[in-house]
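# Secondary and tertiary structure notes
These are the residues of each chain, in order.
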Amino acid sequence: NQCCPGIPASGNLSFPCPIADPTYSECATNEIPAVLVQAARSAGKKDGQGTCPGSENACAGDQCCAGIPQTGGQTFPCPTADPEYGLCAVNYAECPGTGNHCRGNQCCPGIAESGNLTFPCPIADPAYSECATNEIPAVLVQVARSPGKKDEQSTCPGIGNACAGNQCCGGIPATGNLTFPCPTADPEYGFCAVNYAECPGT
C-alpha cells in the first residue's frame, strides 16, 4: 500500500500503486489512471473459487498459492487455475512416498500410509474428492499444516481474485505479468516472482 508519483494521466496527482489493496486511500487521488486500469483488466479474469492447500487461504483461477514443503517452499498454481497457467515458481508438487509429479486436482498413487489407495495431490483443492480415499496420509497433513496461517482477506488488484496474507496474486501489466504479493502479505514475504510494481509513467 503505497502511492505512485503523479503523471499527466492522473492530473499529476499521486495515485495508489497498481498492487495496493483496492480500498487503499492515502494518495492525492484514489483514481488509478484509466490507461493502467484498462491494461490491468485485460490481463485477468475471474475464475472459480479455490483454497490454497497448506494455508487454507482463498484463491481463484490464475493466481499462485504460497509455497508448501511439497513444492520446495515455492509458489504454485491455485487448484482452479487454468492447466496452462505458468506464472508461479513451480507448476507441480511431489506426491509423498513416490516422488511423482502432480498438479492441482489430481490423485497421487497409493502408498503404505494411505492403505495403498490413491489420494489427493498435496496441491489439490481441499474439497477435491475424486481419489480412492480423500484422506491425505497423516504424515503429509502434519507437514502441510505447519507453514500456513490464515490472514486478513483482500483482493488482488487488477484481477479481482480473493487473496489473504502470504500468498501471490497473478501477474498484471504493472508487474510485467509476474506474480506479486497479496496486499495483506507480510512486508518480508518473498515467494512471488516480484515484490513490487512499476508506477506507470515514472
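Analysis parameters
Residues numbered from 1 in each chain as written. Predicted model: local features only at pLDDT ≥ 70, side-chain atom pairs only at ≥ 80, totals over all residues. Heavy atoms only, no water. Helix = DSSP H or I, 4+ residues; strand = E, 2+ residues; numbered from the N terminus. Buried < 20%, exposed > 50% of the residue type's maximum accessible area, 1.4 Å probe, protein only. Contact = heavy atoms within 4.5 Å. Areas by Shrake-Rupley, 256 points an atom, 1.4 Å probe, with all protein chains shown as cover. Disulfide = S-S within 2.5 Å. Core = buried A, V, L, I, M, F, W, Y, C linked by side-chain atoms within 4.5 Å. Polar contact = N/O pair within 3.5 Å; in protein donor to acceptor, adjacent residues only side chain to side chain. pLDDT = per-residue confidence, 0-100.

## A closer look at the overall build of the protein
On a plain count of helices and strands, the protein comes out with 2 helices and 14 strands. Across the 202 residues in the protein, those meeting the buried criterion constitute 48%. A separation of at least 24 residues holds for 37% of the contacts in the protein among residues at least 6 apart in sequence. As displayed, the protein offers around 9700 Å² of accessible surface, 48% of which is attributable to carbon and sulfur atoms.

## Overview of the state of the cysteines
Counted under the stated rule, the structure contains 8 disulfides. Disulfide pairing is shown between Cys64 and Cys88; the S-S distance is 2.0 Å. Handedness of the Cys64-Cys88 disulfide follows from its S-S torsion of about -105 degrees: it is left-handed. With Cys64 in strand β5 (residues 64–65) and Cys88 in the loop between β6 (76–77) and β7 (93–94), the pair connects residues that are 24 residues apart, well separated along the chain. By relative accessible area, which is 0% here, Cys64 ends up buried. Accessibility expressed as a relative area gives 12% for Cys88, which makes it buried. A disulfide bridge connects Cys168 with Cys192, and the sulfur atoms are separated by 2.0 Å. One disulfide, between Cys168 and Cys192, carries an S-S torsion of -105 degrees and so falls in the left-handed class. Taken together, the residues span a long stretch of sequence, with Cys168 in strand β13 (residues 168–169) and Cys192 in the segment after β14 (180–181) at a distance of 24 residues. For the pair shown, Cys168 and Cys192 are each scored as buried.

## Quick word on the nonpolar core
Formed by 18 residues in total, the largest nonpolar core has its most connected members in Cys65, Phe76, Cys102, Cys108, Cys121 and Ile123. Residues within four places of Cys65 in sequence aside, it is in contact with Cys52, Cys59, Thr75, Phe76, Pro77, Cys78 and Pro79.

## Concerning the side chain of Thr75
You can see Thr75 is positioned in the loop between β5 and β6. What makes Thr75 buried here is its relative accessible area of 0%. At a separation of 2.9 Å, a polar atom in the side chain of Thr75 contacts the main-chain amide nitrogen of Ala89. In this structure Thr75 touches Cys64, Cys65, Ala66, Gly67, Cys88, Ala89, Val90, Cys168, Tyr189, Phe191 and Cys192, once residues within four positions along its chain are discounted.

## What about the environment of Cys192?
Since its relative accessible area comes to 12%, Cys192 is described here as buried. Note: C-alpha distance between Cys192 and Ala66 (126 residues apart in sequence) is 8.0 Å. Residue contacts for Cys192: discarding those within four places in its chain leaves Thr75, Gln167, Cys168, Thr179, Phe180 and Pro181.

## Looking at the environment of Asn12
Mapped onto the secondary structure, Asn12 falls in the loop between β1 (3–4) and β2 (15–16). Sequence separation of Asn12 and Ala28 is 16 residues, and the distance between their C-alpha atoms is 9.3 Å. Once residues lying within four places of it in the same chain are set aside, the contact partners of Asn12 are Gly6 and Ile7.

## Comments concerning unusual backbone geometry
Positive phi values are uncommon outside glycine, yet Asn12 reaches one of about 60 degrees. For Asn12, a relative accessible area of 57% puts it in the exposed group. For Asn116, which is not a glycine, the phi torsion comes out positive at approximately 60 degrees. You can see Asn116 is positioned in the loop between β9 (107–108) and β10 (119–120).

## What to know about the confidence of the model for the protein
Model confidence for the protein is summarised by a mean pLDDT of 74, while 77% of its residues fall at 70 or above. Within the model, pLDDT remains below 50 along residues 37–46, and this stretch shows 16 contacts once partners closer than five positions in the same chain are excluded. Throughout residues 141–151 the model reports pLDDT below 50, and contacts reaching past four residues in sequence, or to other chains, amount to 20 contacts.

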